[in-house]
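Understanding the architecture of this molecule
Here is how the chains run, residue by residue.
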Amino acid sequence: MNRVVITGLGVVSALGRNVAEFRDGLLAGRCAIGPITQFDTSDHQVRIGAEVPDYVPEEHFDKNQLAQIDRFAQFALLATREAVSDAGLSFEGELAERTAVVHGTGIGGQSTQDENYHKLYAEGGKRVHPFTIPKLMPNAGCSQITMEFGIKGPAFTTATACSSSGHAIGLAMMLLRQGMADVAVTGGAEACLTHGTMRGWEALRVASKDTCSPFSNKRGGMVVGEGAATLILETLEHAQARGAKIYAELLGFGMSADAGNIVQPSMDGAVRAIRNCLKDAGLATSDVQYINAHGTGTPQNDPTETAAIRTVFAELADGLAVSSTKSMHGHVLGGAAAVEAVATVLALNAQIAPPTANFTEPDPKCDLDYVPNTPRPMAIKNAISNSFAFGGLNTVLAFGRAP
Amino acid sequence: MSDQVSADIFEILLSHAENKPESMDAGTVLSEAGIDSLALVEIIFDLEEKFDITIPNPDEIEGMDTAFETAGDVVKAVKTLLDEKG
């Protein structure tokens, strides 16, 4: 079984429009949540989000591309451009066919759906833009990546809500382990800060009206974010043969299904996903120092995740640094696991645990060390990143320092 | 065809032409102007929005028996549909 390493990173997020900006924000504990500007929120109860700042599509895409590429796929391409360039790869000859693209999104082209259906339902329009379907389909991000970079190997999209890009990264790793590809472009993207979607979150009553303060008492809930992250995975052999810079090793992947409730998380499902990941990675509980938590900031997730971590790590749980970087970059939904994978890799490289921002006072039901507000320099040999999705489909990824 | 309808159509066609010709007239061959089938789909959308008409497949339009090959074919179709709309 091939070992798998990470050789390129790219990110587009409220916290930073590239890896350098994102790293600075992450390791400074900066909260990038603010008012939503993409549509008029004046009659909305939830008016905040984590938007990519100062985003001008025309600076990155020509008119013809913009007619065909939804905002979520634009972010997917931008993050991938950065990651591919960072890895120093070009997909020519045999490598094009030996490279996979596995990409996650929860919804796909939500702004395309919203804008075009608004024309029909609200404006009495009779037609929608001819590229409505190819823009909104969830696999558009994956397909656009293959087209822009000429990647011709295995390529598909995973859609498992907030675990979408966790499944993508894990399955990409499995392709490389198995020898079905030498390189994988993987990650995820989401851009659904739209009138319709935000009404949906508002109705579910899990979205915060002020900010995202995971694990804190009196927290208001989750904050929807947007963006994308791409990781370049390679077999260790392939990376070493070309002398690639290696950020970290992707050690393992665990999955589980709650088989419980469509929105209520289960501790049992989370426990099984974490244990499956540690087993796959060959890690003992004592080998892990940092956990990038799912940490949505909802009353439902945070105590359940805390209890799951306590169940798996037992007496070692108190020695773990556990933080939710969603407190800074918002909940990027289908792109969240990818953004948080990048955050975890950056934490490993910097040997700094990013904090849980906006932490006010402890919740008696959440009693771990959440690295409140201040980044913490510490020795991190191995780290895991949790993603527990609506629908009860869970993923956990394990990362270790570069071999 | 120096009327306004033709001028509007030519402007839309030109905005989607990959190989923009010096000028466009009824004889301009769409494929030579770099308008492929995908661009034509967008052009039809723009024309429908501009003239508030619905453009069916060319062979369903009265008096048309071929696909849109030239700019003139497009003008003819749009004018026919505008006449039908009254």
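Residues numbered from 1 in each chain as written. Chains lettered and ligands numbered in written order. Predicted model: local features only at pLDDT ≥ 70, side-chain atom pairs only at ≥ 80, totals over all residues. Heavy atoms only, no water.

Time to look at the interface of chain B and chain A. Each side of the interface is counted separately: chain B has 11 residues, and chain A has 10 residues. Across the chain B/chain A interface, buried area totals approximately 940 Å², and carbon plus sulfur atoms make up 49% of it. Three residues, Leu38, Glu42 and Phe45 of chain B, lead the burial of chain B against chain A; their summed loss comes to 50% of the area buried on that side. For the interface between chain B and chain A, the tally reads three salt bridges. (Contact = heavy atoms within 4.5 Å. Buried area = accessible area lost by both parts, 1.4 Å probe. Salt bridge = Lys/Arg side-chain N within 4 Å of Asp/Glu carboxyl O.)

What follows is about the domain arrangement of chain A. Residues and elements named next belong to chain A. Along its sequence, chain A is organised into domain 1 (4–241) and domain 2 (253–401). On the domain 2 side, the residues contacting the 64 residues of domain 1 number 62 residues. Interface area, domain 1 with domain 2, both sides summed: about 4600 Å², of which 71% is carbon and sulfur. Interface area lost by domain 1 to domain 2 is led by Cys162, Phe215 and Arg219, which between them contribute 19%. In this structure, the connection of domain 1 to domain 2 is made through four salt bridges. With a shortest N-O distance of 3.0 Å, Arg177 and Asp280 are connected by a salt bridge. Summed over the shared surface of domain 1 and domain 2, the result is 20 residue pairs in polar contact (both at pLDDT 80 or more). Contributing elements (two or more residues each) for the side of domain 1 that touches domain 2: β1 (4–13), α1 (19–28), α8 (164–178), β6 (183–190), α9 (195–204) and β7 (227–235). In terms of residue class, the side of domain 1 that touches domain 2 is made up of 33 nonpolar, 24 polar and seven charged. (Domains from an automatic or database assignment. Polar contact = N/O pair within 3.5 Å; in protein donor to acceptor, adjacent residues only side chain to side chain. Helix = DSSP H or I, 4+ residues; strand = E, 2+ residues; numbered from the N terminus. Nonpolar A, V, L, I, M, F, W, Y, C, P; charged D, E, K, R; others polar.)

This brings us to unusual backbone geometry. Even without being glycine, Asn373 of chain A reaches a positive phi, approximately 65°. Mapped onto the fold, Asn373 of chain A is located in the loop between β11 (352–353) and β12 (376–377). Accessibility expressed as a relative area gives 34% for Asn373 of chain A, which makes it partly exposed. The backbone of Asp52 of chain B shows a phi angle near 50°, a positive value even though the residue is not glycine. Inspection of the secondary structure assignment puts Asp52 of chain B in the loop between α2 (37–51) and α3 (71–85). (Buried < 20%, exposed > 50% of the residue type's maximum accessible area, 1.4 Å probe, protein only.)

Let us now look at the packing of helix α11 (residues 267–281) of chain A against helix α12 (residues 301–313) of chain A. All names here are of chain A. Here α11 crosses α12 at 45°, and the two axes come no closer than 9 Å. Viewed along their axes, α11 and α12 adopt a mutual orientation that is oblique. Crossing of α11 against α12: the hand is right-handed. Facing Met267, Ala270, Val271, Ile274, Arg275 and Leu278 of α11, the residues of α12 in contact are Thr304, Ala307, Ala308, Ile309, Thr311, Val312 and Phe313. Broken down by class, the residue content of the contact of α11 with α12 amounts to 10 nonpolar, two polar and one charged. (Axes fitted to C-alpha atoms, helices over the stretch in contact; angles between N-to-C directions. Parallel < 35°, antiparallel > 145°, perpendicular 65-115°, else oblique. Left-handed = near helix turned anticlockwise from the far one by under 90°.)

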